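Listed below are the residues making up each chain.
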Amino acid sequence: MDSPPTISRVSIRLVPEDVSRGGLRRPAGRRRGTYRPLAIGAAVLLRPRSASGRWVVSVSTDGLLRPRGPRWLPAAIARSRSLRAAGIMARAAVALLAPEDVALCQPAAGRFSTNGTLRHDCYGWSLLYQLPGMRGMACVDAHERFADLPAFYESPLEFVDRAAFLAERGILSRPLALVTQLDDFRPSGDGRMCNRFYPRGSFRRRWADGPGD
């Protein structure tokens, strides 16, 4: 089995309702070794058989690729679980702030808005993008090894490079934080709960379905 991602622990800060007003203050209680992205809401990813292996997300039609559906991560995780129970491959993620949210002076969070912090474990950073001709829908590439996971980058710099590459070709994109979920964990031989994709990872199961302490 592959080694776990190099970055697993994140502390996701939810941006104010309108990021064009008042700026963003540095969060208190900063800890070393934890990456802190800014989020605008949750996302529910689906992998239909007709999508050529890609995961798809319902998004806004304003050119900002804001995911539609549950905005709070636990609600998105619950939604993805109910879809999987119905036989539909689904996954929850967190949609991150993009430069366009500020440049166009658009409200970034809507009902998701809060100045709080959501601590969660993360596999890495997926890139949501919209191909020419798509409307109200965007996609994420499939993972090369795991059918239950979308593709992701271990480093934020990797998805930034990829997003710049797509932008040069007129393709819109938005980063997502691919978070762990409760059913990603299985009991090991010694009774401990381990991540089924990365058994040697240091993921915390108690963060898998919602905010931590």
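Here is a short report on the structure shown in this document.

About the cut-offs
All residue numbers here refer to positions counted from 1 along the written sequence of the relevant chain. In keeping with the predicted nature of the model, local features appear solely for residues at pLDDT of at least 70, side-chain atom pairs appear and are counted solely at 80 or more, and the whole-chain, interface and lining totals rest on all residues. Side-chain metrics in this entry use all non-hydrogen atoms of the structure; hydrogen atoms and water are not considered. Going along the chain from the N terminus, every DSSP run of H or I of four or more residues is numbered as a helix, and every run of E of two or more is numbered as a strand. Throughout this description, buried means an accessible area under 20% of the type-specific maximum (1.4 Å probe, protein chains only), exposed means over 50%, and partly exposed covers the range between. Contacts between residues were defined by any pair of non-hydrogen atoms, one from each residue, lying within 4.5 Å. Reported accessibility uses the Shrake-Rupley method at a 1.4 Å probe radius. Residues are deemed covered only where the shown protein chains occlude them. Between Lys or Arg on one side and Asp or Glu on the other, a salt bridge is scored when a side-chain nitrogen of the former is within 4 Å of a carboxyl oxygen of the latter. Only buried Ala, Val, Leu, Ile, Met, Phe, Trp, Tyr and Cys residues count toward a nonpolar core, and they belong to the same one when joined by side-chain atoms within 4.5 Å. The criterion for an aromatic pair is that two Phe, Tyr or Trp rings (for Trp, the six-membered ring) have centres within 6.5 Å, with stacked assigned to planes under 30 degrees apart, edge-to-face to planes over 60 apart and tilted to the rest. Pairing between strands is defined by DSSP: at least two bridges between the two strands are required. Here, expected helix span is obtained from the residue count minus one, scaled by 1.5 Å. The arc under discussion is defined with respect to the helix axis, by the directions toward the C-beta atoms.

1. A word on the overall build of the protein chain
Point 1. Scanning the protein chain from N- to C-terminus turns up 3 helices and 9 strands.
Point 2. The secondary structure elements of the protein chain, listed N-terminal to C-terminal, are β-β-β-α-β-α-β-β-α-β-β-β.
Point 3. The buried share among the 213 residues of the protein chain stands at 44%.
Point 4. When contacts within the protein chain are restricted to residue pairs at least 6 apart in sequence, long-range pairs at least 24 apart make up 77% of them.
Point 5. Just so you have it, the protein chain exposes about 11000 Å², and 50% of that area is on carbon and sulfur atoms.

2. Some thoughts on the pattern of salt bridges
Point 1. Taken as a whole and assessed by the stated rule, the structure comprises 6 salt bridges.
Point 2. In this structure, the salt-bridge partner of R84 is D183, at a minimum N-O distance of 2.3 Å. A residue pair is termed long-range when its members are at least 10 positions apart, and R84 in helix α1 (residues 73–85) and D183 in the loop between β7 (172–179) and β8 (185–187) qualify at 99 residues.
Point 3. Residue classification places R84 among the partly exposed residues on the basis of a relative accessible area of 25%.
Point 4. Take D183: its relative accessible area is 24%, and that puts it in the partly exposed class.
Point 5. Across the pair D184 and R91 runs a salt bridge whose closest N-O atoms are separated by 2.4 Å.

3. Section: the environment of A39
Point 1. As for its placement among the helices and strands, A39 is situated in strand β2 (residues 38–46).
Point 2. According to the relative accessible area criterion, A39 is buried, its value standing at 0%.
Point 3. Here the alpha-carbon distance between A39 and P175, two residues 136 residues apart in the chain, equals 9.6 Å.

4. Thoughts on the side chain of H143
Point 1. Relative to the assigned elements, H143 resides in the loop between β6 (137–140) and α3 (156–167).
Point 2. Residue H143 is classed as buried on the basis of its relative accessible area, which comes to 17%.
Point 3. Not counting the four nearest positions on each side in its chain, H143 is found in contact with L149, P150, A151, F152 and Y198.

5. Comments concerning the nonpolar core
In a soluble, globular protein the nonpolar side chains are often hidden away together inside.
Point 1. The biggest cluster of nonpolar side chains holds 16 residues, and the ones touching the most others in it are L73, A76, A92, V94, L96, W125 and A177.
Point 2. Those elements that place two or more of their residues in this core are β2, α1, β4 (90–96), β5 (117–130) and β7.
Point 3. Not counting residues within four places of it along the chain, the set of residues in contact with A76 comprises A42, A43, V44, P70 and A92.
Point 4. Formed by 14 residues, the second largest nonpolar core is a distinct cluster that contains A43, W55, V57 and L65.

6. Re the packing of aromatic side chains
Point 1. Summed over the entire model, instances satisfying the criterion amount to 6 aromatic pairs.
Point 2. Where W125 meets F159, the ring centres are 6.5 Å apart and the plane angle is 55 degrees; that geometry is what we call tilted. With W125 in strand β5 and F159 in helix α3, this pair connects stretches of sequence that are 34 residues apart. Across the pair, F159 and W125 agree in class, each one buried.
Point 3. Their ring planes at 80 degrees and their centres at 5.7 Å tell us that F146 and Y198 sit as a pair that is edge-to-face.

7. Here's the deal with the pairing of β4
Point 1. Buried residues dominate β4, accounting for 7 of its 7 residues.
Point 2. Side chains of β4 alternate between two faces, with A90, A92, V94 and L96 and R91, A93 and A95 buried alike.
Point 3. Direction of pairing for β4 relative to β7: antiparallel, over a ladder of 2 bridges. Note that in β7 the partner of A95 across the bridge is L176.

8. Things to note about α1
Point 1. In a regular helix each residue adds 1.5 Å, so 13 residues correspond to 18 Å; α1 covers 18 Å between its end C-alpha atoms and thus fits that length.
Point 2. Turning to α1, its buried residues number three or more, namely L73, A76, I77, S80 and L83. The arc enclosing the buried residues of α1, seen along the axis, measures out at 125 degrees, which places them on a common side.
Point 3. Phi turns positive, to about 90 degrees, at G87, one or two residues after α1.

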